[in-house]
Amino acid sequence: MARLNLWRWGVLALAGLYFLVPLAASVVFTVDVPGQGITFDAYTQIFSTDGFVSALLLSLELALATIAVVLLLMVPAMVALRLGAPRLRPVVEVVCSLPLVVPPIAFVAGIGTVLRWGPDHLSRTPLFETFVAIQNPDFPFVLVLAYVVMALPFVYRALDAGLRAVDVRTLVEAARSCGAGWPQALLQAVLPNLRGALLNASFLTLALVLGEFTVAQLLGFRPFAVWIVNVSGSQAQLSVAVSVLSLLVTWVLLLVLAGFGGRTRPTSRG
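Residues numbered from 1 in each chain as written. Predicted model: local features only at pLDDT ≥ 70, side-chain atom pairs only at ≥ 80, totals over all residues. Heavy atoms only, no water.

1. Considerations on the overall build of the chain
The helix and strand inventory of the chain stands at 13 helices and two strands. Summarising its shape, the C-alpha atoms of the chain cover approximately 75 × 75 × 40 Å along the three principal directions. The buried share of the chain, taken over its 270 residues, is 34%. Long-range contacts, defined as pairs at least 24 residues apart, comprise 76% of the intrachain contacts of the chain with a sequence gap of at least 6. In the form shown here, the chain has an accessible surface area of approximately 16500 Å², with 68% of it arising from carbon and sulfur atoms. Taken together, the 16 basic and 12 acidic charged side chains of the chain have centroids lying 17 Å from each other. (Helix = DSSP H or I, 4+ residues; strand = E, 2+ residues; numbered from the N terminus. Buried < 20%, exposed > 50% of the residue type's maximum accessible area, 1.4 Å probe, protein only. Contact = heavy atoms within 4.5 Å. Areas by Shrake-Rupley, 256 points an atom, 1.4 Å probe, with all protein chains shown as cover. Lys, Arg positive; Asp, Glu negative; His and termini not counted. Charge placed at Lys NZ, Arg CZ, Asp CG, Glu CD.)

Following this line, the structure appears as structure tokens:
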């Protein structure tokens, strides 16, 4: 047992060094300026840098929209799959896992081809305005559609783990026997028991959208990750400081999520 504990602590220590050493080196790079000593100018300049607020707000808006769309798509589908067609689960799992094996370059190349094809062939149809609207730089909905596809593997795993932990069929049948319709049974009986899974899926989607670069860059949009890379060309310390700050914010969100998802309502005894 002592040898097992020693091995476990050794693995944890190596994992901690693997993550903490690069982070510490990044922090030192941002605060140690040759000839000036220790200074926090890189962090104080973040909020006043041109484009920071707009890029961050755009990424947060894209993340919220992506979370809403992917949950509205996957939650009813997963519940229906578990209740009515459990044999199709391997098929759905394979389909939802495809974004992991498709290179982002190939994915965005396909999106770009469709976006170029649409205006050329649909210029005299109402769909032309749709192709223009989804590419609005103020809120490029085409990125939401792309992020929904990219988030499918993570959302599927999170929801599948949550559904495995509860007896969905019994919950739905109990709600239906009390006179609830299918939407009401889903909202009031199933979703409260999937709170942890929904939070995990939302956090993974949020992290994906905040850190995604390839699709947004190649399609010509400028959310937060693209802004960081563009700034790094002229202000290296500032870009690293923003990356460190975003990483710390992500960790804080993860801790808040873990604490919120672990809370349980106290049961009242009559």
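2. Focus: the packing of aromatic side chains
Aromatic rings considered in pairs are described by the distance between their centres and by the relative angle of their planes. According to the stated counting rule, one finds four aromatic pairs in the structure shown. Here a set of aromatic residues connected by ring pairs shows up, and it is made of F52, F224 and W227. (Phe/Tyr/Trp six-rings, centres within 6.5 Å; stacked < 30°, edge-to-face > 60°.)

3. Some points on a nonpolar patch on the surface
A cluster of nonpolar residues, L88, V91, V94, V95, L98, L100, V101, V102, F154 and L204, forms a patch on the protein surface that exposes about 870 Å² of accessible area. Ranked by residues supplied to the nonpolar patch, first place goes to helix α4 (residues 89–97) with three residues. Mapping L204 onto the fold places it in helix α10 (residues 195–211). By relative accessible area, which is 35% here, L204 ends up partly exposed. (Patch = residues over 30% accessible without salt bridge, like charges linked within 9 Å, V, L, I, M, F, W, Y side chains within 5 Å. Salt bridge = Lys/Arg side-chain N within 4 Å of Asp/Glu carboxyl O.)

4. Concerning the environment of T130
Inspection of the secondary structure puts T130 in helix α6 (residues 127–133). Remark: the alpha-carbon pair of T130 and P119, spanning 11 residues in sequence, is separated by 9.6 Å.

5. A few points about the environment of R8
Mapped onto the elements of the fold, R8 is located in helix α1 (residues 2–31). Between the C-alpha atom of R8 and that of A85, which follows or precedes it by 77 residues, the distance is 41 Å.

6. Comments concerning the side chain of E93
Note that E93 resides in helix α4. For E93, the side chain forms a polar contact with the side chain of R157, separated by 2.9 Å. Excluding residues within four positions of it along the chain, E93 makes contact with Y156 and R157. (Polar contact = N/O pair within 3.5 Å; in protein donor to acceptor, adjacent residues only side chain to side chain.)

7. Focus on the pattern of salt bridges
Here the structure, examined in full by the defined rule, presents four salt bridges. Close ionic contact of E93 with R89 constitutes a salt bridge, the shortest N to O distance being 3.8 Å. Of this pair, E93 and R89 both sit in helix α4, four residues apart, which is roughly one turn of that helix. Residue class for E93 comes out buried when judged on its relative accessible area of 19%.

8. Examining the side chain of T66
If you trace the backbone, T66 turns up in helix α3 (residues 52–84). Apart from residues no more than four positions distant in its own chain, T66 is found in contact with V144, Y147, V148, T205 and V209.

9. A look at the confidence of the model for the chain
For the chain, the average pLDDT comes to 82, and 91% of its residues sit at 70 or higher. At the level of individual helices and strands, the chain shows its lowest average pLDDT in helix α13 (residues 236–262), which scores 74, and its highest in helix α7 (residues 141–164), which scores 92. Across residues 264–270 the pLDDT falls below 50, and counting only partners more than four positions away or on other chains, this stretch makes one contact in the model. (pLDDT = per-residue confidence, 0-100.)

10. Some points on the packing of helix α8 (residues 168–177) against helix α9 (residues 182–190)
Interaxial distance between α8 and α9 falls to 9 Å at its minimum, and their mutual angle equals 120°. In terms of orientation, α8 and α9 fall into the oblique class. Viewed along their axes, α8 and α9 form a crossing whose handedness is right-handed. Taking contact as the criterion, the partners of V168, L171, V172, A175 and R176 in α8 are, on α9, W182, A185, A189 and V190. Looking at the contact of α8 with α9 residue by residue, the classes come out as eight nonpolar, no polar and one charged. (Axes fitted to C-alpha atoms, helices over the stretch in contact; angles between N-to-C directions. Parallel < 35°, antiparallel > 145°, perpendicular 65-115°, else oblique. Left-handed = near helix turned anticlockwise from the far one by under 90°. Nonpolar A, V, L, I, M, F, W, Y, C, P; charged D, E, K, R; others polar.)

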